[in-house]
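# Chain and residue survey
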Amino acid sequence: MNRVILMGRLTRDPEVRYSQGERSMAIARYTLAVDRRGRRGQDGDQGQTADFINIVAFDRAGEFAEKYFRQGMRVLVSGRIQTGSYTNKEGQRVYTTDIIVDDQEFADSKGAGASNGGMGGGSYQPASRPAPSSAIGDGFMNIPDGVEDEGLPFN
């Protein structure tokens, strides 16, 4: 069985291209920085604490990544590992390992992206939500006179 589940932060905005042909398809590529769990060395140094994993999302998943994913966001990806190889311009064999997305989703609440550990640049900043003007001290809103209970969703 070839199944992988990863949670990490985007190292940059996804790069999206569209395939040629009768049915054009989005192909999004992005890299996730995935924290390693491990032991510290004797001097307390952990060395590299993250792996940088290449992700590829096709079609609607690629369009979703293009529209919503930004650098620094924490996302959850599930899919499969795909390996390959090609010969570069210098004639050397280059081996690749990618995760092909089956499912991807946000792993943080909207507000959590604002403090992304210095990843900065391009992360989204949600607008602050004002407090309801009719809120009273006990956390409940005043319902104006004349409003019928029939319209409330929890009857």
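Residues numbered from 1 in each chain as written. Predicted model: local features only at pLDDT ≥ 70, side-chain atom pairs only at ≥ 80, totals over all residues. Heavy atoms only, no water.

### Describing the pairing of strand β6 (residues 93-106)
Residues in a regular strand project their side chains so that they alternate between the two faces of the sheet. Which entries qualify depends on this criterion: Here, strands pair whenever DSSP counts at least two bridges between them. Strands are runs of DSSP state E lasting at least two residues, helices are runs of H or I lasting at least four, and both sets are numbered from the N terminus onward.
As paired strands, strand β4 (residues 50-58) and β6 are joined by two bridges and run parallel to one another. If you follow Ile 55 over to β6, its bridge partner there is Ile 99. The sheet contact formed by strand β5 (residues 74-87) and β6 spans 13 bridges and is antiparallel. Within β6, the residue paired with Ser 78 across the bridge is Asp 103. Where β5 hands over to β6, the hairpin turn is made up of five residues, of which Gly 91 adopts a positive phi near 80°.

### Looking at the confidence of the model for the protein
Operational definition: A residue's pLDDT is the predictor's confidence in that residue, given on a scale from 0 to 100. In this description, contact between two residues means that some pair of their heavy atoms is separated by no more than 4.5 Å.
The share of residues in the protein with pLDDT of 70 or more is 63%, and the mean pLDDT across the chain is 79. Low pLDDT (under 50) marks residues 113-136, which in the prediction has 28 contacts with non-local residues, meaning those over four places away or in another chain.

### Side note on the pattern of salt bridges
Filter applied, for reference: Put simply, a salt bridge is a Lys or Arg side-chain nitrogen that is within 4 Å of an Asp or Glu carboxyl oxygen. Each residue gets one of three labels from its accessible area relative to the maximum for its type: buried under 20%, exposed over 50%, partly exposed in between, using a 1.4 Å probe on protein chains only.
With the rule as written, the count across this model stands at six salt bridges. Residue Arg 9 pairs with Asp 108 through a salt bridge whose shortest N-O separation is 3.4 Å. Note that Arg 9 is positioned in strand β1 (residues 4-10) and Asp 108 in the segment after β6, a separation of 99 residues in sequence. A salt bridge links Arg 36 to Asp 51; the shortest N-O distance between them is 2.6 Å. Taken as a pair, Arg 36 in the loop between β3 (26-35) and β4 and Asp 51 in strand β4 lie far apart in primary sequence, 15 residues in all. For Arg 36, a relative accessible area of 41% gives the class partly exposed. Exposure remark for Asp 51: the relative accessible area of 29% places this residue in the partly exposed category. Here the salt bridges do not stand alone but share partners, grouping Arg 9, Arg 74 and Asp 108 into one network.

### Some words on the nonpolar core
Basically, it comes down to this: Within this scheme, the nonpolar core is defined by two criteria: the residues are buried Ala, Val, Leu, Ile, Met, Phe, Trp, Tyr or Cys, and they are joined through side-chain atoms within 4.5 Å.
With 16 residues, the main nonpolar core has Leu 6, Leu 10, Tyr 30, Leu 32, Ile 55 and Val 77 as its most contacted residues. Elements supplying a minimum of two residues to this core: β1, β3, β4, β5 and β6. In terms of residue count, the dominant contributor to this core is β3 (four residues).

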